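Single-letter residue listing:
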Amino acid sequence: MSSKVLTKPLGDVPVALPPLQRVTLTINGAEKQLEVAPWTSLLDLLREYLDLTGTKKGCDHGQCGACTVLVDGKRINSCLSLAVMQEGKEITTIEGLAKGDQLHPVQEAFIEHDAFQCGYCTPGQICSAVGLINEGHAKTTEDIQELMSGNICRCGAYVGITAAVEQALKVCQSNAQ
Amino acid sequence: MAATTYVGKPISRVDGRAKVTGEAKYAGEFNTAGLVYGYVVSSAITKGKITKIDTSQALSIPGVLQVFTHENAPRPAHFDRSFKDDDAVAGAPLKPLYSPEIGFSMQPIALVVADTFEIARYAASLVEVEYKAEKPETDLTSKPKGHKAPKGKSGFTPPKDRGNAKKAFEMADVQFEAEYVHMPEHHNALEMFSSTVLMDEEGKLKIYDKTQSAFNSQKYITQVFGLSKDEARVVSPFVGGGFGSGLRPQYQLYLAVMAALELKRSVRVTLTRQQMFSLGHRPATLQTVSLGASEAGALQAIKHEALSETSRGEEYTEVIVNWSGSLYQCDNVKLDYYLRNLDVSTPMDMRAPGAATGVLATETAMDELSYKLGMDPLELRLLNYAEVNQLEGKPFSSKALRECYAQGAERFGWSRRNPVPRSTREGTKLIGWGMATGIWDAQQKKAAAKANLSVDGKLVVASGTADIGTGTYTAMSIIAAETLGLPIEAVTFKLGDTTLPEAPLEGGSWTVSSVGTAVQEACEAIGKKLFKLAKKLKDSPLKKAAFEDIAFADGRIQLKGNPSASVSIIETMRQTGINYIEEETTALPNFLKQMKYSRNTHSAVFVEVEVDEDLGQICVRRVVSAIAGGRVINPKTARSQILGGIVWGISMALHEESVLDHDFGRIMNHNLSEYHVPVNADIHDLEVIFVEEHDKIVNPLGAKGLGEIGLVGVAAAVGNAIYHATGKRVRDFPITLDKLL
């Protein structure tokens, strides 16, 4: 038994590429102006055009959380956003969390609790934890587990991640007081 | 054991800062001016032939440099042997873009290379392909017959039968037999496979590859493309998870190097998450376990038969049934292993390959037998405790499994268990407790390392091994600092580079054992040179001492028992005018000593689950895993490895399954939203106990390796706990809630 299968693009194919667009973003405190294709995701802009490779690509479909960054303090999956949609926004990536040599409390806690193994999901986990702390909803360990569940860790470092976020949450709360 | 400064102490990862700041760079993150991007086009059918491929539209897009297909791609090597890497199995490896034939779903059929990633991706969608498709065969269970597995690759030894298992089973007072099945699993490390090939002005390649062995990638590339080692350096400082998937070069490496050589450009090829499902995987297996026992519970017969999938082209084998011949005392054992060729990509080693699945069946069957006997599952295991490894006819070099059972049970509270299934509930939740045993090998391979101590007190140690999250950087730094009595901050460990001394594949739980021994030997060689220099110093307090009389501690060489009689290492070098001391060693296992013993790690796993009586929802509330893995170099990272193993075990029991549509031979859930792995909210109270063993047979360090043992047995313990909770036995993994309703 055999059959013919054809895969081809649907409909007419535009041959000319879409023109580049200008976008201005503040990334880790520095203003960046770039000319990018409108189909460039925020994730690809960071990794391929600005060499900010700390933000990771794990699925490119918003399913794993490795690409989590903070936009005006809120955590988003940067693979699900086009760069041009973020015009004028303030973006914080993993490279922008430490103040000089002083690590962010979440970063400190991740090292202390060995909250990672391979480290590939780690920047996303950390940015997500910072976003979680900013949101202020997490009151219990169960809350943290639930609210950190958008970030997959294939190495299975969840016990350490939960402990690290719990510790950092306390540190950030006491720093804020 | 002598007091230590670092070994056995919880040390934070030396690469931790790089990983939490985003400084750690993975294979697809080395950017350079003029880098171009390759995007792989995957086959839309599983079996058949490409009858027409039209790349004209893709090529018409501005920015597209080339589209490689089987019609125009080079064929740099002819023979299969050129494509054989260090982890290759018997048969013919994939030769990308060599022919129009399609042998598995999502086989790479074209590579589009363009100036930007976005253009390459877009143009890839414009490649028109016409196929003549044939009906694929991908269902292992449709025809449970196979052929005898060949003694395919190193590591797989066909197990020896003993006694007469058939007869003993028939004569046994109590007989139990059941069939177990589990579906394929894909590694799905979070970093997708990627290779960045940088070409310098002379045309030499520097290849950043995601791999568990830079040397293996280099070997493959030099053989296939006829390059010298100097022309193809492979570098891999950080690996975003491996779990075995990086033990063989994946096709993006071939494609990136091919494109770089053809176009004389630097090229990056990164796979998509969907394409990660076109690679090797843990094969589906169908297993039958038969256990015969006396009324009192003594095992009289064990029969274990496994049928496993492999591809059409290669005979992938793994050690599935052998463990059943080692786990328990039993005089009549028959072990059989069959393969069946299907239209799938060649399976690959995936964390605890063979043991994760074979022990799953055996340890579930042991649990079932315990109920049939009316015996406590732990008591049954203790009654049949194997003091020697009957499979190999050798004693164990060390085996603290009894202590694992005792400490794990104590910690878990096993003695309070109500033996009756479905006897414990909290509201609508049924609570169950289950346990299982785990086993893995403690191997050592040949490995080389070099160490360089400079007069400023800095020690640089190097070996071309990998750190896939296992903590290699940290463990090696600890061993080096301990050996020479230096602060760990003074030590830098380098890995993942083919210009460094050669290390074996990073897998099988043998890295600390193998590379750690080489690191220790290289540092000891420096120590001996330092000692000679120290004796020469004017008024040296060590003048009359032998090397055995001294110790290295706090940056000094001191007399054992009289630490005040000491000299500073830095001062010794300064005063003797030595700027640096460099030593390189190759550490070989002591075969004569090792061959007399079976060398294994063991574990005892205890699990508590709750199951919603109405909805079948399963939650693993608590796991205690007691591990006998020799000496623990770094309890902090070691614990993480075991925790990760437990999560993998829970995943295997409850979540992971690559679901195939057998009409089309395609994986239907090839993404991270439908291929389930545990998320944070799925994981609760996990506890790890290390029962240390003092074992000088396995290697001079006494460390047995911990990468796999944390996983083995966990899935069985979860399934056994579910049975205890519900009274329902599920032998088809993963145990999803629909199977409980």
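Because the structure is predicted, anything quoted here is derived from the model rather than measured.

Cut-offs used in this document
- Residues numbered from 1 in each chain as written.
- Chains lettered and ligands numbered in written order.
- Predicted model: local features only at pLDDT ≥ 70, side-chain atom pairs only at ≥ 80, totals over all residues.
- Helix = DSSP H or I, 4+ residues; strand = E, 2+ residues; numbered from the N terminus.
- Rg over C-alpha atoms; globule rule 2.2 N^0.38 Å.
- Buried ≥ 20, exposed ≤ 12 C-beta atoms within 10 Å, placed from the backbone.
- Contact = placed C-beta atoms within 7 Å.
- pLDDT = per-residue confidence, 0-100.
- Nonpolar A, V, L, I, M, F, W, Y, C, P; charged D, E, K, R; others polar.
- Domains from an automatic or database assignment.
- Pairing = 2+ DSSP bridges.
- Axes fitted to C-alpha atoms, helices over the stretch in contact; angles between N-to-C directions.
- Parallel < 35°, antiparallel > 145°, perpendicular 65-115°, else oblique.
- Left-handed = near helix turned anticlockwise from the far one by under 90°.
- UniProt positions renumbered as here; feature names shortened; annotations may be inferred.
- Expected span 1.5 Å × (residues − 1).
- Core = buried A, V, L, I, M, F, W, Y, C linked by C-beta atoms within 7 Å.

### Some thoughts on the overall build of chain B
Alright, step 1. Scanning chain B from terminus to terminus reveals 15 helices and 34 strands.
Alright, step 2. For a compact globule of 741 residues, the expected C-alpha radius of gyration is about 27 Å, and chain B comes in at 27 Å, within 12% of that figure.
Alright, step 3. Along the three orthogonal principal directions, the C-alpha set of chain B runs to about 80 × 75 × 50 Å.
Alright, step 4. Looking at chain B as a whole, 60% of its 741 residues qualify as buried.
Alright, step 5. Contacts spanning at least 24 positions in sequence make up 82% of the contacts within chain B whose residues lie at least 6 apart.

### Brief notes about the confidence of the model for chain B
Alright, step 1. The predicted model of chain B has a mean per-residue pLDDT of 96, with 99% of residues at 70 or higher.
Alright, step 2. Quick note on the complex model: pTM equals 0.98, ipTM equals 0.97.

### Structural notes on the interface of chain B and chain A
Alright, step 1. With 61 residues of chain B at the contact, the number on the chain A side is 60 residues.
Alright, step 2. Among the secondary structure elements, those contributing two or more residues to the side of chain B that touches chain A are helix H1 (16-21), helix H2 (56-60), helix H3 (117-124), strand S7 (128-134) and helix H14 (635-654) of chain B.
Alright, step 3. Classifying every residue of the side of chain B that touches chain A by side-chain character gives 27 nonpolar, 20 polar and 14 charged.

### Observations concerning the domain arrangement of chain A
Residues and elements named next belong to chain A.
Alright, step 1. Its domain assignment divides chain A into domain 1 (21-96) and domain 2 (105-176).
Alright, step 2. Contacts between the two partners involve 15 residues from domain 1, matched on the other side by 13 residues from domain 2.
Alright, step 3. Take the side of domain 1 that touches domain 2: its biggest share by element is three residues, from strand S4 (residues 68-71).
Alright, step 4. Classifying every residue of the side of domain 1 that touches domain 2 by side-chain character gives six nonpolar, six polar and three charged.

### As for the pairing of strand S11 (residues 205-209) of chain B
Residue and element names in this part refer to chain B.
Alright, step 1. With respect to burial, S11 is a largely interior element, four of its five residues being buried.
Alright, step 2. Note that strand S10 (residues 194-199) and S11 share five bridges and pair antiparallel. Across the sheet, the residue bridging to Met199 is Leu205, located in S11.
Alright, step 3. If you look at the hairpin formed by S10 and S11, you'll find five residues sitting between the two strands, and Gly203 has a positive phi there, around 85°.

### Some points on unusual backbone geometry
Alright, step 1. For the bond from B:Phe733 to B:Pro734, the omega torsion is 0°, close enough to zero to count as cis.
Alright, step 2. Structurally, the position occupied by B:Pro734 is in the segment after strand S34 (732-733).
Alright, step 3. For A:Asn28, which is not a glycine, the phi torsion comes out positive at approximately 50°.
Alright, step 4. Relative to the helices and strands, A:Asn28 is located in the loop between strand S2 (21-27) and strand S3 (30-36).
Alright, step 5. According to the C-beta neighbour criterion, A:Asn28 is partly exposed, with 16 such atoms within 10 Å.
Alright, step 6. Positive phi outside glycine occurs at A:Asp72, with the angle close to 50°.

### Some thoughts on the packing of helix H7 (residues 355-373) of chain B against helix H15 (residues 714-726) of chain B
Residue and element names in this part refer to chain B.
Alright, step 1. H15 packs onto H7 with a crossing angle of 30° between their chain directions and a minimal axis gap of 8 Å. Overall, the two elements H7 and H15 adopt an arrangement that is roughly parallel. You can see that H7 and H15 cross each other, and the crossing is right-handed. For the pair H7 and H15, contact is made by Val359, Leu360, Glu363, Thr364 and Asp367 and by Ala715, Ala716, Gly719, Asn720 and Tyr723, respectively.
Alright, step 2. When grouped by side-chain class, the residues that make up the contact of H7 with H15 number five nonpolar, three polar and two charged.

### Some words on the UniProt feature "domain: Aldehyde oxidase/xanthine dehydrogenase a/b hammerhead" (unreviewed entry) in chain B
Alright, step 1. UniProt records the feature "domain: Aldehyde oxidase/xanthine dehydrogenase a/b hammerhead" (unreviewed entry) at residues 21-135 of chain B, using the numbering of this structure.
Alright, step 2. As annotated, residues 21-135 of chain B has a helix share of 12% and a strand share of 33%, and its two end C-alpha atoms lie 50 Å apart.

### A short note on helix H5 (residues 214-225) of chain B
All names here are of chain B.
Alright, step 1. Its 12 residues give H5 an end-to-end C-alpha distance of 16 Å, which sits within 8% of 16 Å, the value for a rise of 1.5 Å per residue.
Alright, step 2. When H5 is considered as a whole, its buried residues turn out to be Ala214, Phe215, Asn216, Ser217, Gln218, Tyr220, Ile221 and Val224.
Alright, step 3. Close packing links the buried residues of H5 with S11, strand S12 (232-235) and helix H6 (251-263).
Alright, step 4. Positive phi shows up at Gly226, right after H5, with a value of about 65°.

### What to know about the nonpolar core
Alright, step 1. Formed by 283 residues in total, the largest nonpolar core has its most connected members in B:Val112, B:Ala123, B:Val461, B:Ala480, B:Ile627 and B:Val718.
Alright, step 2. With residues near it in sequence (within four places) discarded, B:Ala123 still touches B:Ala58, B:Ile61, B:Val64, B:Val112 and B:Ala114.

### Digging into the sheet that holds S3(A)
Residue and element names in this part refer to chain A.
Alright, step 1. Across the sheet, five strands lie side by side as S3-S2-S6-S4-S5; this open sheet has mixed pairing. A single partner strand is all that each edge strand has here, and the edge strands are S3 and strand S5 (74-77). Each adjacent strand pair in this sheet contributes to an overall mean axis angle of 40°, direction not counted.
Alright, step 2. For S4 and S5, the ladder comprises four bridges, and the chain directions are antiparallel. Note on S5: the bridge partner recorded for Val71 is Lys74.
Alright, step 3. Contacts from helix H3 (residues 122-135) reach S4 and S5 within the one sheet, and its direction differs from that of S4 by about 35°.

### Quick look at the sheet that holds strand S30 (residues 618-628) of chain B
All names here are of chain B.
Alright, step 1. The five strands lie next to each other as S20-S21-S29-S30-S33, forming an open sheet whose pairing is mixed. Unpaired on one side and paired on the other, strand S20 (424-426) and strand S33 (685-690) mark the two borders of the sheet. On average, adjacent strands in this sheet sit at an angle of 25° to one another, irrespective of strand direction.
Alright, step 2. As defined by bridge partners, strand S21 (residues 429-441) adjoins strand S29 (residues 600-612) across 13 bridges and the pair is classed as antiparallel. Counted as the bridge partner of Leu430 is Val611 from S29.
Alright, step 3. Contacting S21, S29 and S30, H15 crosses the sheet at an angle of about 155° to S21.

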